[in-house]
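Now for the letters of each chain:
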Amino acid sequence: MNLLNLIRWKNLLMIAIVQLLVKYALFPAFTIDTTLNPLHFFLLVFATLCIAAGGYIINDIYDLETDAVNKPNKVIVGKKTSENSANKLYILFTFIGVCLGFYLSHKVGRPPFFGLFVIIAASLYVYASYLKQIAVAGNIIISILVALSLLIVGIFELIPAMTIQNENVQSTMLEVLTDFAIFAFLINFIREIVKDIQDVDGDHKAGMQTLPILFGKARTSKVTMVLTIITILIILYYISTFLYMHLEAIAYFLIAVVGPLIYIVIKMFTAENNAHFKHISFMLKIVMVTGMLSMLLYRLIF
């Protein structure tokens, strides 16, 4: 159980479910050609999860000081698992993920794709060891990596199967997937800043320069509120431009995505303590889930 908590099994499960939704809910809604058979798709998901698990472990190793202040009851490295064991697990998971990436890249006939796995693994290490301490930079990097967990499915499934004949439909599918990746980036970026507000005490003790430390909790809360409003406007534009003929899709997005985001804006305006920001962080995670589940709609409307 300590290992499962160390690698954030709930977050890994969410990544796997989203990738499964892309493969088995979003793609079948369009007449497209894909590359990976079920076994190789499983290996792609497993490789992604291994690299993500390694990222969570190395992040915990570098966060020993801040976690001792921010969440002392949830500290695993140094208490339930030795730092040496955690380092070995980080190397093992990252090695497996990168090796599988090497195999899959050659299997689809696109060896340069291997670089994606190396870049993602290296970015997670640089984030944990350095970028996390820099205001906004760390938030942007981790949010880009979250978006890539969606895009990597399209990169391996759609691009190798692209021909002159199917280029238009394959490109359209990539654009739809990119829209979901942008949504994932925005929601995760906002949530990362909210988490920084929660962790301001431990981060300040560790000498970090996060946005709440530089601007203060109140101002940073207003920044997240503005970013959430911008996200709502982008979603409304998407609905009015691409889904205006599908009432069921409009109803779903308004109830399951836009509605909760409006609630989050209101809560941000009144948030004062860590309990409030923890609730906002949880609601943002819910919105991420409901947003990704909207992929199921495409089977109904197309």
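Refer to the structure presented above.
Focus: the packing of helix H2 (residues 9-26) against helix H3 (residues 38-62)
- Direction vectors running N to C along H2 and H3 enclose 150 degrees, while the axes themselves pass 10 Å from each other. When the interaxial angle is binned, H2 and H3 end up roughly antiparallel. Here H2 and H3 pass one another in a crossing that is right-handed. Two secondary-structure elements touch here, H2 through Asn11, Leu12, Ile15, Ala16, Gln19, Leu20, Lys23 and Tyr24 and H3 through Pro38, Phe41, Val45, Thr48, Leu49, Ala52, Ala53 and Tyr56.
- Its residues assigned to classes, the contact of H2 with H3 shows 12 nonpolar, 3 polar and 1 charged.

Points about the nonpolar core
- Among the nonpolar cores identified, the biggest contains 95 residues, and Leu26, Phe156, Leu261, Met292 and Met295 are the most heavily contacted of them.
- Among the elements that make up this core, the one with the highest residue count is H3 (13 residues).
- When neighbours within four sequence positions are excluded, Met292 is seen to be in contact with Val18, Leu21, Leu150, Phe180, Phe183 and Ala184.

Things to note about a nonpolar patch on the surface
- Judged by side-chain polarity, Tyr62, Tyr125, Val126, Tyr130 and Ile134 come together as a nonpolar surface patch covering roughly 440 Å² of accessible area.
- Looking at where Ile134 falls in the secondary structure, it is placed in the loop between helix H6 (114-129) and helix H7 (137-157).
- Residue class for Ile134 comes out partly exposed when judged on its relative accessible area of 31%.

A short note on the environment of Leu36
- Among the secondary structure elements, Leu36 is positioned in the loop between H2 and H3.
- Residues contacting Leu36, with those up to four places away along its chain left out, are Lys23, Phe41, Leu44, Val108, Phe156 and Glu157.

About the thresholds
- Residues numbered from 1 in each chain as written.
- Predicted model: local features only at pLDDT ≥ 70, side-chain atom pairs only at ≥ 80, totals over all residues.
- Heavy atoms only, no water.
- Axes fitted to C-alpha atoms, helices over the stretch in contact; angles between N-to-C directions.
- Helix = DSSP H or I, 4+ residues; strand = E, 2+ residues; numbered from the N terminus.
- Parallel < 35°, antiparallel > 145°, perpendicular 65-115°, else oblique.
- Left-handed = near helix turned anticlockwise from the far one by under 90°.
- Contact = heavy atoms within 4.5 Å.
- Nonpolar A, V, L, I, M, F, W, Y, C, P; charged D, E, K, R; others polar.
- Core = buried A, V, L, I, M, F, W, Y, C linked by side-chain atoms within 4.5 Å.
- Buried < 20%, exposed > 50% of the residue type's maximum accessible area, 1.4 Å probe, protein only.
- Patch = residues over 30% accessible without salt bridge, like charges linked within 9 Å, V, L, I, M, F, W, Y side chains within 5 Å.
- Areas by Shrake-Rupley, 256 points an atom, 1.4 Å probe, with all protein chains shown as cover.
- Salt bridge = Lys/Arg side-chain N within 4 Å of Asp/Glu carboxyl O.

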